[in-house]
Number of protein chains: 2
Amino acid sequence: MTGPLKVALLGCGTVGSAVLRVLQGQADELGARIGRPVEVAGVAVRRPAHHPDVPAHLLTTDAHALVTRDDVDLVVEVIGGIEPARSLMLAAFEAGKSVVSANKALLADDGVALHAAAAKAGVDLHYEAAVAGAIPILRPLRESLVGDQLSRIVGIVNGTTNYILSRMAETGAGFGEALAEATELGYAEADPTADVDGFDAAAKAAILASLAFHTPVSAADVHREGISTVTATDVARAAEIGCTVKLLAICERVPGEDGDSVAVRVHPAMIPTSHPLASVGGAFNAVFVEAEAAGQLMFYGQGAGGEPTASAVLGDLVAVARNRMTGAPGPGVTGYANLAVRPMAETPTRYHVSLDVADKPGVLAAVAQEFATHDVSISTVRQTGRGDAATLVIVTHSAPDAALSATISALREMPAVRGVTSVLRVEGLS
Amino acid sequence: MTGPLKVALLGCGTVGSAVLRVLQGQADELGARIGRPVEVAGVAVRRPAHHPDVPAHLLTTDAHALVTRDDVDLVVEVIGGIEPARSLMLAAFEAGKSVVSANKALLADDGVALHAAAAKAGVDLHYEAAVAGAIPILRPLRESLVGDQLSRIVGIVNGTTNYILSRMAETGAGFGEALAEATELGYAEADPTADVDGFDAAAKAAILASLAFHTPVSAADVHREGISTVTATDVARAAEIGCTVKLLAICERVPGEDGDSVAVRVHPAMIPTSHPLASVGGAFNAVFVEAEAAGQLMFYGQGAGGEPTASAVLGDLVAVARNRMTGAPGPGVTGYANLAVRPMAETPTRYHVSLDVADKPGVLAAVAQEFATHDVSISTVRQTGRGDAATLVIVTHSAPDAALSATISALREMPAVRGVTSVLRVEGLS
Ligand SMILES: NC(=O)c1ccc[n+]([C@@H]2O[C@H](COP(=O)([O-])OP(=O)(O)OC[C@H]3O[C@@H](n4cnc5c(N)ncnc54)[C@H](OP(=O)(O)O)[C@@H]3O)[C@@H](O)[C@H]2O)c1
Ligand SMILES: NC(=O)c1ccc[n+]([C@@H]2O[C@H](COP(=O)([O-])OP(=O)(O)OC[C@H]3O[C@@H](n4cnc5c(N)ncnc54)[C@H](OP(=O)(O)O)[C@@H]3O)[C@@H](O)[C@H]2O)c1
């Protein structure tokens with residue numbers, strides 16, 4: 001093959017326009033890295049008039065025609081969403097073209113089918129930008145750690161919620177107030193549901209778990225809780241026990257009698273301030289990885305934004321371009337382990353519970369009995385009295401999540417318990 | 001090709017024995033990841049009698065014969081040192097075999113020739129384990145960030161010196177005392193020269209700079225200062241300005257009038273405690289990366305030890321095995337940018353200087369004049385008096401290193417200066 005490699009760019013929004021800037025501005029440098037010049041074949045958008053900066057002859061609204069054009073070698077999909085992104089990817093594969101994407105929603109929804117289609121066509125499907133923006137995490141999982149056995153991934157993979165929780169900790173504000181500030185500063189979208197309710201983090205968790213455990217995991221397999229129920233009290237209670245509240249994406253390999261399974265969940269949790277993830281503030285992302293031989297690793301950087309995300313897209317683009325030249329696609333994604341996904345109810349977790357109780361003899365005993373009845377053992381209890389009322393702060397040992405939540409329900413019914421003022425899971429405590 | 005892929009293991013010490021354990025214990029898992037079984041063809045050592053755990057029929061002292069055996073597909077070199085490691089690698093390439101190595105000394109010394117030999121033979125040369133042990137950093141640089149423009153890498157890449165400096169900060173001990181403790185606990189070798197004098201870090205810096213800037217950089221190009229001259233006073237002074245002392249490996253792209261150049265150096269420096277690298281304690285390693293589009297990234301984990309290093313070796317082994325099966329080697333290392341290496345004297349740095357001076361009018365003016373004479377501008381001055389003596393603590397702006405060191409020499413000669421009590425570079429201050 002000679003002549004330039006031609007790239008079809010699908011979408012030219014926040015990410016696409018940053019990709020285009022680099023593709024055009026640093027074409028020589030990229031060409032040197034690939035070993036062959038690269039050139040933009042066309043840019044598909046919805047509203048061409050909104051893109052005065054893009055050379056008119058490159059713009060098209062017919063993404064399908066662009067993808068299947070004979071002279072196009074590689075496709076970059078940064079439209080987002082499920083359709084038409086999925087059909088466009090499948091059309092690219094069928095036409096023998098490798099795809100680079102940043103589309104976490106689609107990959108988490110339908111990764112297995114898309115990988116199968118790419119493998120069938122003998123082309124590459126890369127999507128480093130889909131998880132944690134600029135941070136190289138998928139390639140390290142797919143390639144660097146492929147000789148190791150992963151046991152656990154804990155990530156802060158959503159900048160919006162991390163910003164909100166950081167502000168709640170700094171200012172003592174409640175969720176609503178911190179969200180309003182984030183919206184005003186542009187850290188949260190007008191409709192913040194995808195971020196705040198954990199959908200974005202759950203999609204990323206599914207992708208991370210699939211790669212880490214060689215097991216197909218889709219967004220629907222992920223237990224998901226958002227941060228809108230996190231209160232100023234939760235944040236204050238966390239500080240009292242030397243912890244901070246983070247929205248965590250957790251992917252674990254859980255050993256079991258009938259073989260290992262994987263548990264994948266997204267929820268707010270208290271982590272000790274000494275944990276490497278605790279100091280990841282503001283809109284930054286970080287992914288903490290535990291592997292059998294490698295031990296503890298952490299990857300840190302910017303999780304969003306046009307330029308950082310474009311860095312990841314371009315790294316993938318160079319990789320698939322090189323593979324295109326050698327004629328051999330890179331390693332696909334393997335699902336050979338195919339572990340069972342463990343339901344949240346059976347996943348071991350630990351709870352932090354704060355109760356207002358009557359300060360009478362026997363109350364602690366009754367509360368402790370309720371935990372014991374559900375087979376949940378207690379790690380620490382702190383009791384502080386004020387007048388005829390007292391506060392009990394309890395941290396449990398690890399137990400199946402269902403047993404813990406059943407305990408909470410039972411506590412709420414106890415006459416001696418005036419109120420359950422804070423319930424949050426705890427991670428990373430020894 | 002059918003049948004198992006056969007691996008020749010050269011060396012079976014700290015790293016080699018951990019690699020062998022995984023190759024034998026998790027052969028099925030590795031085979032699934034590669035798509036073909038893997039098998040150990042032989043293990044070359046110096047003293048077979050010292051290896052009772054290795055099946056006798058695998059042991060050999062003739063590494064050269066093992067490497068060139070027809071049935072060997074891949075070679076893992078974990079002997080270390082320059083010879084015979086280099087000759088063995090070259091023999092492997094000539095015989096058409098890809099090599100995985102952990103040998104920073106050799107790669108930093110002779111990387112260009114080795115890469116050329118591998119490229120000529122159409123095989124792979126991977127060495128993720130050579131820098132920062134288990135931390136995936138070379139692959140992210142070579143592949144994930146290849147579409148970006150790197151401006152700076154700052155790494156804590158030597159666990160021994162990081163342990164010693166961490167202990168000095170925690171206990172107020174001097175270098176000698178902290179080194180003795182590290183030796184006793186096994187964190188420092190009996191002959192600690194390679195670590196303490198910065199040779200190990202310099203080799204890693206050369207490898208990082210070569211990959212980051214697409215420019216051949218060898219260990220000899222790296223300006224190197226160790227930590228044996230760091231005093232308890234330096235560490236205390238650092239704390240006073242909200243800093244901590246670390247041995248840093250710094251690789252920079254420095255813009256210049258006649259084009260960019262690279263500056264690569266290893267020396268102790270003060271960094272602000274708020275910097276992500278400041279909290280990397282004990283024997284951990286971390287590499288901080290700044291790229292144009294990606295922004296700031298950090299990679300953190302265990303930098304040494306048999307198991308963590310084996311994790312990196314095995315990741316490389318899976319990669320080269322897969323390439324072997326597709327028949328296409330991975331991307332080589334490019335030196336196309338071939339930037340000039342800037343000498344330390346011309347590299348911009350900042351100094352922290354602490355002086356005991358006579359507390360007389362005009363002393364500060366005279367000292368400040370000395371800086372001005374060398375064209376070094378001052379960022380902050382702190383003066384604390386005691387009796388007829390005073391201490392001046394000065395942090396400069398950035399200036400060519402030669403101008404800074406000339407200023408220090410001149411200060412030592414000034415009658416009003418009773419003593420220069422601490423001189424250390426400062427990094428990461430705004
Ligand atoms: N933004 C980030 O920080 C970030 C970070 C990581 C990953 N991502 C992922 O990157 C992808 C793109 O995100 P973004 O923020 O760049 O989105 P965006 O700003 O909304 O841009 C979307 C682009 O797609 C175009 N488009 C929409 N429907 C189309 C259609 N049917 N045919 C052709 N073009 C169409 C739009 O065209 P018009 O401009 O004409 O409307 C627009 O240019 C998403 O998958 C997102 O999850 C984003
Ligand atoms: N140790 C770490 O934490 C670490 C971390 C990162 C990278 N590395 C790198 O990994 C490499 C190996 O380090 P290591 O700590 O495993 O070294 P090591 O414990 O000293 O082991 C060296 C091995 O090589 C064998 N050997 C020496 N000369 C030989 C020869 N001429 N022919 C055949 N075998 C020979 C030795 O045989 P005998 O056992 O018979 O003496 C021994 O098994 C070095 O390049 C090092 O820089 C090490």
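Residues numbered from 1 in each chain as written. Chains lettered and ligands numbered in written order. Predicted model: local features only at pLDDT ≥ 70, side-chain atom pairs only at ≥ 80, totals over all residues. Heavy atoms only, no water.

## Section: the domain arrangement of chain A
All names here are of chain A.
Right, on to step 1. Here chain A is partitioned into domain 1 (5–133 + 306–326), domain 2 (138–302) and domain 3 (345–426).
Right, on to step 2. When each unit is reduced to the centre of its C-alpha atoms, the spacing between domain 1 and domain 2 is 28 Å.
Right, on to step 3. Counting residues at the interface gives 18 residues for domain 1, matched by 18 residues for domain 2.
Right, on to step 4. Looking at the side of domain 1 facing domain 2, the largest losses of area belong to Ala108, Val131 and Ala132, adding up to 38% of the total buried there.
Right, on to step 5. If you look at where domain 1 meets domain 2, you find 2 salt bridges.
Right, on to step 6. The tally of links between domain 1 and domain 2 comes to 4 residue pairs in polar contact (both at pLDDT 80 or more).
Right, on to step 7. Elements with a contribution of two residues or more to the side of domain 1 that touches domain 2: α5 (104–121), β6 (125–126) and α12 (306–326).
Right, on to step 8. With 6 residues, α5 is the single largest residue contributor to the side of domain 1 that touches domain 2.
Right, on to step 9. Grouping the amino acids of the side of domain 1 that touches domain 2 by side-chain chemistry returns 10 nonpolar, 4 polar and 4 charged. (Domains from an automatic or database assignment. Contact = heavy atoms within 4.5 Å. Buried area = accessible area lost by both parts, 1.4 Å probe. Salt bridge = Lys/Arg side-chain N within 4 Å of Asp/Glu carboxyl O. Polar contact = N/O pair within 3.5 Å; in protein donor to acceptor, adjacent residues only side chain to side chain. Helix = DSSP H or I, 4+ residues; strand = E, 2+ residues; numbered from the N terminus. Nonpolar A, V, L, I, M, F, W, Y, C, P; charged D, E, K, R; others polar.)

## A closer look at the sheet that holds strand β1 (residues 5–10) of chain B
All names here are of chain B.
Right, on to step 1. Ordered by their spatial adjacency, 6 strands build an open sheet running β3-β2-β1-β4-β5-β6, and the pairing between neighbours is parallel. Two strands lie at the open edges of the sheet, namely β3 (59–60) and β6 (125–126), each paired on one side alone.
Right, on to step 2. Strand direction decides the pairing type here: strand β2 (residues 38–44) and β3, joined by 2 bridges, are parallel. Directly across from Ala44, in β3, lies its bridge partner Thr60.
Right, on to step 3. Packed on one face of the sheet, helix α12 (residues 306–326) meets β1, β4 (74–77), β5 (98–101) and β6 and runs near 160° to β4. (Pairing = 2+ DSSP bridges. Axes fitted to C-alpha atoms, helices over the stretch in contact; angles between N-to-C directions.)

## Digging into the site of ligand 2
Residues and elements named next belong to chain B.
Right, on to step 1. Among the 21 residues in the neighbourhood of ligand 2, the closest are listed as Cys12, Val15, Arg47, His51 and Gly305.
Right, on to step 2. One of the backbone nitrogen or oxygen atoms of Val15 is found 2.8 Å away from an oxygen atom of ligand 2.
Right, on to step 3. Interatomic distance of 2.7 Å between a backbone N/O atom of Arg47 and an oxygen atom of ligand 2.
Right, on to step 4. Starting from 910 Å² of accessible surface for ligand 2 in isolation, the protein chains cover 79%.
Right, on to step 5. Residues of the shell around ligand 2, tallied by class, amount to 10 nonpolar, 8 polar and 3 charged. (Near = heavy atom within 4 Å. Areas by Shrake-Rupley, 256 points an atom, 1.4 Å probe, with all protein chains shown as cover.)

## Regarding the interface of chain A and chain B
Right, on to step 1. Listed as interface residues are 45 residues of chain A and, on the opposing side, 45 residues of chain B.
Right, on to step 2. Of the roughly 3900 Å² buried at the junction of chain A and chain B (both faces included), carbon and sulfur atoms supply 54%.
Right, on to step 3. Linking chain A with chain B are 2 salt bridges, by the criterion used here.
Right, on to step 4. Between A:Arg139 and B:Glu143 there is a salt bridge whose closest N-O contact spans 3.2 Å.
Right, on to step 5. Secondary-structure elements contributing two or more residues to the side of chain A that touches chain B are α2 (27–34), α6 (138–144), β12 (295–302) and α12 of chain A.
Right, on to step 6. For the side of chain A that touches chain B, the class distribution of residues is 23 nonpolar, 12 polar and 10 charged.
Right, on to step 7. The pairing of β12(A) with strand β12 (residues 295–302) of chain B spans 3 bridges and is classified as antiparallel. Considered in β12(B), the bridge of A:Met298 is made with B:Tyr300.

## Considering the site of ligand 1
Residue and element names in this part refer to chain A.
Right, on to step 1. Contacts to ligand 1 come from 21 residues, most closely from Cys12, Val15, Arg47, His51 and Gly305.
Right, on to step 2. Between ligand 1 and Val15, the relevant distance is 2.8 Å, taken from an oxygen atom to a main-chain nitrogen or oxygen of the residue.
Right, on to step 3. The side chain of Arg46 places a nitrogen or oxygen atom 2.9 Å from an oxygen atom of ligand 1.
Right, on to step 4. Taking 910 Å² as the accessible area of ligand 1 by itself, protein coverage stands at 79%.

## Considerations on the sheet that holds β6(A)
All names here are of chain A.
Right, on to step 1. The strand order β3-β2-β1-β4-β5-β6 describes an open sheet built from 6 strands, whose pairing is parallel. Two strands in the sheet have a free side with no partner beyond their single neighbour: β3 (59–60) and β6.
Right, on to step 2. Pairing of strand β1 (residues 5–10) with strand β2 (residues 38–44) involves 6 bridges; the strand directions are parallel. Across the sheet, Lys6 pairs through a bridge with Glu39, a residue of β2.
Right, on to step 3. In this fold helix α1 (residues 14–25) packs onto β1 and β2, with an angle of close to 160° to the strand it touches most, β1.

## Digging into the UniProt feature "binding site: NADP(+)" (unreviewed entry) in chain A
All names here are of chain A.
Right, on to step 1. Per the UniProt entry, the sites bearing "binding site: NADP(+)" (unreviewed entry) are Leu10, Gly11, Cys12, Gly13, Thr14, Val15, Gly16 and Ser17 in this numbering.
Right, on to step 2. Note on Val15: relative accessible area 18%, which makes it buried.
Right, on to step 3. Those residues in contact with Val15 that sit more than four places away from it in its chain are Val78, Gly306, Thr309, Ala310 and Val313.
Right, on to step 4. Along the chain, Ser17 falls in helix α1. (UniProt positions renumbered as here; feature names shortened; annotations may be inferred. Buried < 20%, exposed > 50% of the residue type's maximum accessible area, 1.4 Å probe, protein only.)

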